[in-house]
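Fold and geometry: a report
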Amino acid sequence: MNFDEMTMATIWNEIDRKLNGEPGPIEGMNTSYSFDLSGEDGGMYGLKLLDSKAEIVTGDPGEVDCALKMGVKDFKKLLAGNLNSTAAFMMGKLKVKGNIGLALKLESLLKQYTF
């Protein structure tokens, strides 16, 4: 999938479809993320994983377990499996507040899906 051609709204719809269509990898997870994405078509988004269901929140999701801040281009690379979250964090391309282990878990979770 070519994320460069997709709007963030389309990408989040695809994330929702994939995670809820194949709930195996998110089974047993009870966590929430916020994404503060900067750049063209950026904005605030939330991802809540509970009882094998994913809920996408457009706008500020409020209190979350792990807050991620990155550019839209880096977020698209992360989804495509072309961004190592540890390296991005070390280079300052990814900022994390809250549970950093959940940020690392997100990368391995996304790799279980084909976007």
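Residues numbered from 1 in each chain as written. Predicted model: local features only at pLDDT ≥ 70, side-chain atom pairs only at ≥ 80, totals over all residues. Heavy atoms only, no water.

What to know about the pattern of salt bridges
Our working definition: A carboxyl oxygen of Asp or Glu within 4 Å of a side-chain nitrogen of Lys or Arg is what we treat as a salt bridge. Helix numbers and strand numbers start at the N terminus; a helix is a DSSP run of H or I with at least 4 residues, a strand a run of E with at least 2. Summary of the burial criterion: residues with accessible area below 20% of their type's maximum are buried, those above 50% are exposed, and those between are partly exposed, where the area comes from a 1.4 Å probe applied to protein chains only.
Scanning all chains against the criterion turns up two salt bridges. Note that Arg17 and Glu14 form a salt bridge whose closest N and O atoms lie 2.7 Å from each other. Linking Arg17 with Glu14, this pair stays in helix 1 (residues 8–21), spanning three residues, or about one helical turn. Put simply, Glu107 and Lys111 hold a salt bridge, and the shortest N to O gap is 3.6 Å. Lys111 sits in the exposed class, given a relative accessible area of 58%.

Some words on unusual backbone geometry
A positive phi angle is found at Asp41, which is not glycine, with a value near 70°. One non-glycine residue, Ser52, lies in positive phi territory at about 60°. Among the secondary structure elements, Ser52 is positioned in the loop between strand 2 (43–50) and strand 3 (53–58).

Quick look at the pairing of strand 2
Filter applied, for reference: At least two bridges found by DSSP between two strands is the condition for calling them paired.
Of the pairings in the sheet, the one linking strand 1 (residues 30–38) to strand 2 comprises eight bridges and is antiparallel in character. By the bridge assignment for strand 2, Ser32 is matched with Lys48. Two elements, strand 2 and strand 3, share six bridges in a ladder whose sense is antiparallel. Looking across to strand 3, one finds that Gly46 is bridged to Val57. Two successive antiparallel strands, strand 2 and strand 3, enclose a turn made up of two residues, where Asp51 displays a positive phi of approximately 55°.

Brief notes about the side chain of Thr31
Applied cut-off: Here a polar contact is recorded for every N or O atom pair within 3.5 Å, except that within protein the pair must consist of a potential hydrogen donor and a potential acceptor, and residues adjacent in sequence are included only if both atoms are side-chain atoms. Should any heavy atoms of two residues lie within 4.5 Å, those residues are considered in contact.
Secondary-structure assignment places Thr31 in strand 1. At a separation of 3.2 Å, a polar atom in the side chain of Thr31 contacts the side chain of Asp65. The contacts of Thr31, once residues within four sequence positions are left out, are Leu47, Lys48, Leu49, Asp65 and Leu102.

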